[in-house]
Amino acid sequence: MRNSDALRAAVRARATAMLGNEAPAYDMGLEILGLASVVFPADEGDEASSALPLLWGELTDWVELHPAEAGQAEAYMVDAAREWLLVEGDRAAERRYFDRWLHDVLGFEHRPDEL
């Protein structure tokens, strides 16, 4: 199994747990961040392995840096998890997902090669 396959399976499990209210969104978000940034290093050619740590790092940082906004940040985590489960495996849909979440929702600037 490639790192990206294992990462995808692990993220899918955490996203499903988050949506099933089996664990708090923030806790699952931290697990996704840890898996995506430490346990399964980026695989060449799989955008998810580099974009997931950015997305979940930003969402979990939001809770940590702005505790008064934790409820809103966790609602975004649930939305991000739900949407990921809908697009995961469709690489074109995943690109649109990451573009929307990273740039439109979270405000990351586009790199010149993305324009």
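Use the structure listed above.
Per chain, residues are indexed from 1 in the order of the written sequence. The predicted origin of the model limits local features to residues at a pLDDT of at least 70 and limits the giving and counting of side-chain atom pairs to 80 or more, whereas totals for whole chains, interfaces and linings rest on all residues. Side-chain metrics rest on all non-hydrogen atoms present in the structure, leaving aside hydrogens and water.

K.L.:
Talk me through the packing of helix H1 (residues 3–19) against helix H3 (residues 47–65); I want residue IDs and the actual numbers.
P.N.:
Fitted lines through C-alpha atoms give the axes, limited to the stretch in contact for helices. The angle between two N-to-C directions lies from 0 to 180 degrees. In this text, helices come from DSSP runs of H or I with a minimum length of four residues, and strands from runs of E with a minimum of two, each type numbered from the N-terminal end. Where H1 contacts H3, the axes come no closer than 11 Å and their chain directions differ by 35 degrees. As H1 runs across H3, the sense of the crossing is left-handed. Judged by residue contacts, Leu-7, Arg-8, Val-11 and Met-18 of H1 engage Ala-48, Ser-49, Leu-52 and Trp-56 from H3. In this classification, the charged set is Asp, Glu, Lys and Arg, the nonpolar set is Ala, Val, Leu, Ile, Met, Phe, Trp, Tyr, Cys and Pro, and all remaining amino acids, among them Gly, are polar. Split into classes, the residues belonging to the contact of H1 with H3 amount to 6 nonpolar, 1 polar and 1 charged. Should the near helix be turned anticlockwise from the far one by less than a right angle, the crossing is termed left-handed; should it be turned clockwise, right-handed. Between two residues, a contact is recorded if the distance between any of their heavy atoms is within 4.5 Å.

K.L.:
Residues and numbers for the pattern of salt bridges, please.
P.N.:
A pairing counts as a salt bridge when a side-chain nitrogen of Lys or Arg comes within 4 Å of a carboxyl oxygen of Asp or Glu. Throughout the structure, instances matching the rule amount to 9 salt bridges. When the shortest N-O distance is used, the salt bridge between Glu-31 and Arg-14 registers 2.8 Å. Here Glu-31, found in helix H2 (residues 25–39), pairs with Arg-14, found in helix H1; they are 17 residues apart in sequence, far enough to count as distant. Each residue gets one of three labels from its accessible area relative to the maximum for its type: buried under 20%, exposed over 50%, partly exposed in between, using a 1.4 Å probe on protein chains only. Residue classification places Glu-31 among the partly exposed residues on the basis of a relative accessible area of 36%.

K.L.:
Residue-level account of unusual backbone geometry, with values.
P.N.:
Located in the positive-phi region is Asn-21, a residue other than glycine, with phi close to 55 degrees. Locating Asn-21 in the fold gives a position in the loop between H1 and H2.

K.L.:
Could you give me a rundown of helix H5 (residues 91–105), with the residues and numbers involved?
P.N.:
Helix span, expected: 1.5 Å multiplied by one less than the number of residues in the helix. Along its 15 residues, H5 runs 20 Å from first to last C-alpha, staying within 8% of the 21 Å computed at 1.5 Å per residue. Every buried residue belonging to H5 is among Ala-93, Glu-94, Tyr-97, Phe-98, Trp-101, Leu-102 and His-103, and all of these are buried. Buried positions along H5 lie against H1, H3 and helix H4 (70–87). Just downstream of H5 lies Gly-107, where phi reads positive at about 85 degrees.

K.L.:
Let's hear about the environment of Ala-36: which residues, and what values?
P.N.:
Take Ala-36: it is sitting in helix H2. In the structure, Ala-36 is positioned 18 residues away from Leu-54 in sequence and 9.1 Å away in space, judged by C-alpha atoms. Not counting chain neighbours up to four residues away, the residues in contact with Ala-36 comprise Leu-7, Ser-49, Leu-52 and Pro-53.

K.L.:
Can you explain the nonpolar core? Please cite residues and give values.
P.N.:
By nonpolar core is meant a set of buried Ala, Val, Leu, Ile, Met, Phe, Trp, Tyr and Cys residues that side-chain atoms within 4.5 Å join together. Among the nonpolar cores identified, the biggest contains 34 residues, and Leu-52 and Trp-56 are the most heavily contacted of them. For this core, the elements supplying multiple residues, two or more each, are H1, H2, H3, H4 and H5. Take this core: its biggest share by element is 8 residues, from H3. Excluding residues that lie within four positions of it along the chain, Leu-52 makes contacts with Leu-7, Val-11, Ala-36, Gly-57, Trp-84 and Phe-98.

K.L.:
Which residues make up H3, and what values do they have?
P.N.:
Compared with an ideal rise of 1.5 Å per residue, which puts 19 residues at 27 Å, H3 spans 27 Å between its outermost C-alpha atoms and is within 8% of the ideal. Within the sequence span of H3, burial applies to Ala-48, Ser-49, Ala-51, Leu-52, Pro-53, Leu-55, Trp-56, Gly-57, Leu-59, Thr-60, Trp-62 and Val-63. Identification of polar contacts relies on pairs of N or O atoms within 3.5 Å, with a donor-acceptor requirement for protein atoms, meaning one able to donate a hydrogen and the other able to accept it, and with residues adjacent in sequence counted only if both atoms are side-chain atoms. Put simply, Asp-46 is the residue that caps the front of H3, since its side-chain oxygen is 3.1 Å from the backbone nitrogen of Ala-48.

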